[in-house]
Amino acid sequence: MHIRKNQRNLTSAEKKRFVTTVLELKRQGRYDEFVRQHVQYYRTDGDAGLRAAHMAPSFLPWHRKYLLEFERALQRIDPKVTVPYWDWTTDNTPAASLWSEDFLGGDGRSSDGQVTTGAFAYGAGNWTINDGVLERKFLVRAFGRPTSPIALPTKDELAWAMDESVYDAAPWDSTAPRGFRNRLEGWTAGSDRTRWRNHNRVHRWVGGQMLGATAPHDPVFWLHHAFVDLLWDRWQKKHPKATYLPQRRLGGDDPQRGQAISVDEPMPPWRTKPSEMLSHRSLYRYDA
Ligand SMILES: [Cu+2]
């Protein structure tokens, strides 16, 4: 049983272990396979076919499984490494130690957004981005979106999601009017500044590759999603009677049939069902 820790509590040896192992996975070519998998499952409401990873009830169990596979790949290189989590309601400024030279490196420079500090800077020679989606080969960030500034989600904004007692609701997509899943995933109607909440807002705030399908190119992706995963756990504790929804396969006349995954349907690419991912307690623990 391994423990996922708050990134702010990592020792410098633990930070180094995480960074070194991620770089080794990248060197082996395995890291980019994880990025490609995320791209493959990045579908939006309008697209035909199954939405396993985003804008759907299985957003949470899909990413739990995805992080677990990533963590296992790291552990095959170094059995002691785990994925830390980033509580963005607390460590919510560019001055957080998360972004220091010895961990993930800092903001992108203003000219081209290129990250120039830390082990993932293009200049350090170990983190070339080659994905066929963007032409830039370097990691890009733009903290707080300087062109139209936004802040990271606040504790109140997160509470708005955590207080919701229903897991998800029809039409099971980004327009679901209620439900913890969509409030945490963060698709809401509204103006440019209020359109993205919680999980989505964090992707927006970091900027660069974190904005789109290729988000895992930025290693902060894993720390962000580990916190989202922890929040799901906290939500379950807060609402012990709530269950994953939908519990049954959607009916023949439901427009979301074949697009949204119910609790006992398999999630590609692993065939794992949401019902197998409702608890992480037999797999790993959090320090909080
Ligand atoms: Cu995400």
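See the structure above.
Residues numbered from 1 in each chain as written. Predicted model: local features only at pLDDT ≥ 70, side-chain atom pairs only at ≥ 80, totals over all residues. Heavy atoms only, no water.

1. Details of the overall build of the chain
Item 1. Regarding its fold elements, the chain presents seven helices and two strands.
Item 2. For the chain, the sequential pattern of α-helices and β-strands runs β-α-α-α-α-α-α-α-β.
Item 3. Here the C-alpha radius of gyration of the chain, 18 Å, is about what a compact globule of 288 residues would show, namely 19 Å.
Item 4. Across its three principal axes, the chain shows a C-alpha extent of roughly 55 × 45 × 35 Å.
Item 5. Residues counted as buried form 53% of the 288 residues belonging to the chain.
Item 6. Nonlocal contacts in the chain, meaning residues at least 24 apart in sequence, comprise 67% of its contacts between residues at least 6 apart.
Item 7. A total of about 12400 Å² of accessible surface is found on the chain, and carbon and sulfur atoms cover 50% of it.
Item 8. Considering the chain, the positive charge centre built from 42 side chains and the negative charge centre built from 34 side chains are found 3 Å apart. (Helix = DSSP H or I, 4+ residues; strand = E, 2+ residues; numbered from the N terminus. Rg over C-alpha atoms; globule rule 2.2 N^0.38 Å. Buried < 20%, exposed > 50% of the residue type's maximum accessible area, 1.4 Å probe, protein only. Contact = heavy atoms within 4.5 Å. Areas by Shrake-Rupley, 256 points an atom, 1.4 Å probe, with all protein chains shown as cover. Lys, Arg positive; Asp, Glu negative; His and termini not counted. Charge placed at Lys NZ, Arg CZ, Asp CG, Glu CD.)

2. Considering the environment of Gly29
Item 1. Along the chain, Gly29 falls in the loop between helix H1 (12–27) and helix H2 (30–40).
Item 2. For Gly29, a relative accessible area of 27% corresponds to the partly exposed category.
Item 3. In the structure, Gly29 is positioned 86 residues away from Val115 in sequence and 21 Å away in space, judged by C-alpha atoms.

3. A few points about the pattern of salt bridges
Where charged atoms from two side chains of opposite charge approach closely, those side chains can pair.
Item 1. Applying the stated criterion across every chain yields a total of 24 salt bridges.
Item 2. For Arg201, the salt bridge goes to Glu157, with nearest N and O atoms at 4.0 Å. Of the two residues, Arg201 sits in helix H6 (residues 198–206) while Glu157 sits in helix H4 (residues 155–162), which places them 44 residues apart along the sequence. Residues Arg201 and Glu157 agree in their burial class; the two are buried.
Item 3. Each of Arg4, Arg64, Glu71 and Asp229 takes part in one network of salt bridges that share partners. (Salt bridge = Lys/Arg side-chain N within 4 Å of Asp/Glu carboxyl O.)

4. Looking at the nonpolar core
Item 1. With 70 residues, the main nonpolar core has Phe70, Trp86, Trp88, Leu98, Trp99, Phe180 and Trp222 as its most contacted residues.
Item 2. Of all the secondary structure elements, the ones that give two or more residues to this core are H1, H2, helix H3 (59–77), H4, helix H5 (180–185), H6, helix H7 (220–238) and strand S2 (284–286).
Item 3. Take this core: its biggest share by element is 11 residues, from H7.
Item 4. The contacts of Trp222, once residues within four sequence positions are left out, are Tyr31, Phe34, Tyr66, Leu67, Phe70, Val83, Pro84 and Pro216. (Core = buried A, V, L, I, M, F, W, Y, C linked by side-chain atoms within 4.5 Å.)

5. A few points about the packing of aromatic side chains
Item 1. For the coordinates displayed, the defined rule picks out 28 aromatic pairs.
Item 2. Between Trp99 and Phe143, the ring centres sit 4.4 Å apart and the planes meet at 50 degrees, which makes this aromatic pair tilted. You can see Trp99 sitting in the loop between H3 and H4 and its partner Phe143 sitting in the loop between H3 and H4, a full 44 residues away along the chain. When sorted by exposure, Trp99 lands in the same class as Phe143, which is buried.
Item 3. Put simply, the rings of Tyr31, Phe34, Tyr41, Trp62, Tyr66, Phe70, Phe120, Trp127, Phe221, Trp222 and Trp270 pair up and form one aromatic cluster. (Phe/Tyr/Trp six-rings, centres within 6.5 Å; stacked < 30°, edge-to-face > 60°.)

6. Side note on the packing of H6 against H7
Item 1. At a minimum axis separation of 11 Å, H6 and H7 run at an interaxial angle of 160 degrees. Taken together, H6 and H7 sit at an angle that is classed as roughly antiparallel. Crossing handedness for the pair H6 and H7: right-handed. Contacts between H6 and H7 involve His199, Val202, His203 and Val206 from the first element and Val220, Phe221, His224, His225 and Val228 from the second. (Axes fitted to C-alpha atoms, helices over the stretch in contact; angles between N-to-C directions. Parallel < 35°, antiparallel > 145°, perpendicular 65-115°, else oblique. Left-handed = near helix turned anticlockwise from the far one by under 90°.)

7. A few points about the environment of Arg248
Item 1. Along the chain, Arg248 falls in the loop between H7 and S2.
Item 2. Taking C-alpha positions, Arg248 is 6.9 Å from Val263, a pair spaced 15 residues apart along the chain.

8. So, unusual backbone geometry
Item 1. A cis geometry characterises the amide bond from Ala170 onward to Pro171, with omega recorded as 5 degrees.
Item 2. Position of Pro171 relative to the elements: it lies in the loop between H4 and H5.
Item 3. Looking along the chain, the bond that leaves Leu245 and enters Pro246 is cis, with omega of 0 degrees.
Item 4. Locating Pro246 in the fold gives a position in the loop between H7 and S2.
Item 5. For Trp172, which is not a glycine, the phi torsion comes out positive at approximately 60 degrees.
Item 6. With respect to the helices and strands, Trp172 occurs in the loop between H4 and H5.
Item 7. For Trp172, a relative accessible area of 10% corresponds to the buried category.

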